Amino acid sequence: MSETSARDILRPELGDFFAEIVRNEEVAAYVYRMILLINDKAGTPYPAPLPGQFVNVYLNDAGRLLPRPISACDWSNERLTLVFGAVGAGTRQMAAYAEGTRLRVGAPEGCGFDTGAARGMNRAILVGGGLGAAPLLLLADALRGYGSCAVRAVLGFGSEPFLLREFEERCDEVFVATDDGSAGFHGNAADLLKELSVSGGDSLFACGPAPMLRVLSRFAGGQGIPLQVSLEERMGCGYGACLGCACTVAGAEETALRRRVCRDGPVFNGSEVIWDV
Amino acid sequence: MSDEPYLGVAFCGLTFNNPVFTASGTFSARESGRFYDFAKLGAVTTKGVSARPWLGNNTPRIAETRSGMLNAIGLENPGADRFIAEELPFIREYIGDSGARVIVNVAGHDADEYREAAEKLDGADVDMLELNISCPNIREGGLAFGADPRMAAEVTRVVRRVARKPLIVKLTPNVTDITEIARAVESEGADALSLINTLVGMSIDADRRAPLLANVSGGLSGPAIKPVALHMVYRTVRAVRIPVIGMGGIMSGVDAAEFLMAGASAVAVGTASLIKPSAPLDICAELETFMAERGYANVASLSLGTN
């Protein structure tokens, strides 16, 4: 039993907030930037998202019940920026919402990046693959405060880069790769990272497709460099109750418990994730 | 406008502050408790607990469907020993002397495992056991027991022998005649029934040309299954003498009232909690409002009657 009482977990200020879409635009093929103005709830302001946290977005559709968990990309003045892919029926519906539409959203959820890991490091390297770039922007913002630590972004896209201007504003260096070679390095973000090489004082933070994260995890392990990865998984509740979004971590067979991407993650240490389940 | 309705109910020798419970697999004390005070519910039902820890199925485990969802979690749980050591004391401390009841859902692969889990959990600080013979997402046990009257009776008999606490048996809708199973487990000493568990279904990802769930099939829940659940509750209530806890797609206080009208002694809220974390308590408040506005003095007065 923990030292704090069981009652201390009750936080009625969590739960639903209502947001108004103030901007919703396509920034690359099938990639949308949605800016939400989130109203106070009975005097409680919306909690500022931490880098790597996500937000449950509920659709205005009684037939599509589950929340869409979307990483917080940026935050300022009660305005939350989400960058998401219109990849399924629900996110396509989100993409089609007009400015002024009101949506129900949850408070920021999950355990984000441990920015403390960058303290005392020479350089933080943010590696984003496609939509995985989105949560790294808020992280870049947080790491800017760590004066001595340089921030490098290595971003891979299919063909059309997005959020580049925002990353350039917040990072010391930005490197771009595209799968089709139409901009920057011809290849993916992991290949570009290896090309640029890493050194002992680096700390890696990554988000992107699982195959990319698996490659990075092997690479970082081989180089002895710390790596945090933000995972994606199909979720049910998005707040830790249903165990829909399991992630298998080292030692899971012994403790017979997987981790929940929504609550124990979405950020995990690259070395603890078992990639080939 | 009448006086405030009385929401308390009693069955199996226990009193409940109200007839709204959580449904198994959709409630976590540490997580649900962040959003609402679950001590105000009639009872909380835990996720399925087995004698030993289970890892559950691979992902994806969840697929959204029209007005519903499929899940194939596979009863991931830390096992009875860790549940009793870590989870149960937390739930007890949280609910304190509120009167909320604790129902533990019991899972197994075979009769021996059900008995072993039930033995451990019966000795712990829970109010009732709910025997899960209806999970569609495990290869052995679960639904295999719940779809066969003979096997359902057998596992009920085995567990009944070791359980001194009131025993609920949770039934699957994936059968030709649910009342046959209901009568079979009643005859072996079940004290109550809960129904329905999920309906077996699947989803195909047309873009990938592949089943969406790693387990291929999953259990369908949510408002899409409510009419099926309501009818099965209505029929089962009329086929047995023991109380029935009704569930399946309850999203509002009016939905809850409909199950109580069908004859359920209590209701459980499941999928709604995944869409709105505070749903069980919200639905309880809505039920009270509905009863007050329509002049229902108590829960029993909602029932259509069984004659």
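Definitions and limits used
Residues numbered from 1 in each chain as written. Chains lettered and ligands numbered in written order. Predicted model: local features only at pLDDT ≥ 70, side-chain atom pairs only at ≥ 80, totals over all residues. Heavy atoms only, no water. Helix = DSSP H or I, 4+ residues; strand = E, 2+ residues; numbered from the N terminus. Contact = heavy atoms within 4.5 Å. Polar contact = N/O pair within 3.5 Å; in protein donor to acceptor, adjacent residues only side chain to side chain. Core = buried A, V, L, I, M, F, W, Y, C linked by side-chain atoms within 4.5 Å. Buried < 20%, exposed > 50% of the residue type's maximum accessible area, 1.4 Å probe, protein only. Domains from an automatic or database assignment. Buried area = accessible area lost by both parts, 1.4 Å probe. Salt bridge = Lys/Arg side-chain N within 4 Å of Asp/Glu carboxyl O.

Caption draft 1: Region of the structure containing the environment of Asn197(B). Residues and elements named next belong to chain B. Note on placement: Asn197 falls in the loop between strand E10 (192-195) and strand E11 (199-202). Taking C-alpha positions, Asn197 is 7.0 Å from Lys170, a pair spaced 27 residues apart along the chain. If we skip the residues at most four places from it in the chain, Asn197 touches Asn132, Ser134, Cys135, Pro136, Lys170, Leu171, Thr172 and Pro173. Side chain to side chain, Asn197 and Ser134 meet in a polar contact 2.9 Å long. At a separation of 3.4 Å, a polar atom in the side chain of Asn197 contacts the side chain of Thr198.

Caption draft 2: Structural view of the nonpolar core. Of all hydrophobic cores here, the largest spans 132 residues; its most connected members are Leu36(A), Phe38(B) and Leu193(B). When we break this core down by domain, the ones giving at least three residues each are domain 1 (11-106) and domain 3 (231-277) of chain A. Setting aside anything within four residues of it in sequence, one finds Leu193(B) in contact with Ile168(B), Val169(B), Leu171(B), Ala182(B), Val185(B), Thr236(B), Val240(B), Ile242(B), Pro243(B), Val244(B) and Ile245(B). Of all hydrophobic cores here, the second largest spans 30 residues; its members include Leu216(A), Met235(A), Cys247(A) and Trp275(A).

Caption draft 3: Examining the interface of chain B and chain A more closely. Counting from both sides, the interface comprises 48 residues of chain B and, opposite them, 43 residues of chain A. Of the roughly 4000 Å² buried between chain B and chain A, counting both surfaces, carbon and sulfur atoms make up 55%. Of all residues in chain B, Arg34(B), Leu55(B) and Glu64(B) give up the largest surface area on contact with chain A, accounting jointly for 19% of the area buried on that side. At the boundary of chain B and chain A, one finds seven salt bridges. A salt bridge links Arg66(B) to Asp61(A); its shortest N-O distance comes to 3.6 Å. Our count for the contact surface shared by chain B and chain A stands at 20 residue pairs in polar contact (both at pLDDT 80 or more). Among the secondary structure elements, those contributing two or more residues to the side of chain B that touches chain A are helix H1 (29-35), strand E5 (62-65), strand E6 (68-71), helix H2 (80-95) and helix H9 (271-275) of chain B. The leading source of residues in the side of chain B that touches chain A is H1(B), at seven residues.

Caption draft 4: Highlighting the domain arrangement of chain A. All names here are of chain A. One can read the domain layout of chain A as domain 1 (11-106), domain 2 (115-228) and domain 3 (231-277). Inter-centroid distance (C-alpha atoms) of domain 1 to domain 2 is 25 Å. Across the boundary between the two partners, domain 1 contributes 17 residues, which contact 13 residues of domain 2. Together domain 1 and domain 2 conceal approximately 1200 Å² of surface at their shared face, both sides included; 68% is due to carbon and sulfur atoms. The largest share of the area that domain 1 buries against domain 2 comes from Pro51, Cys73 and Asp74, three residues that together contribute 38% of it. Our count for the contact surface shared by domain 1 and domain 2 stands at two salt bridges.

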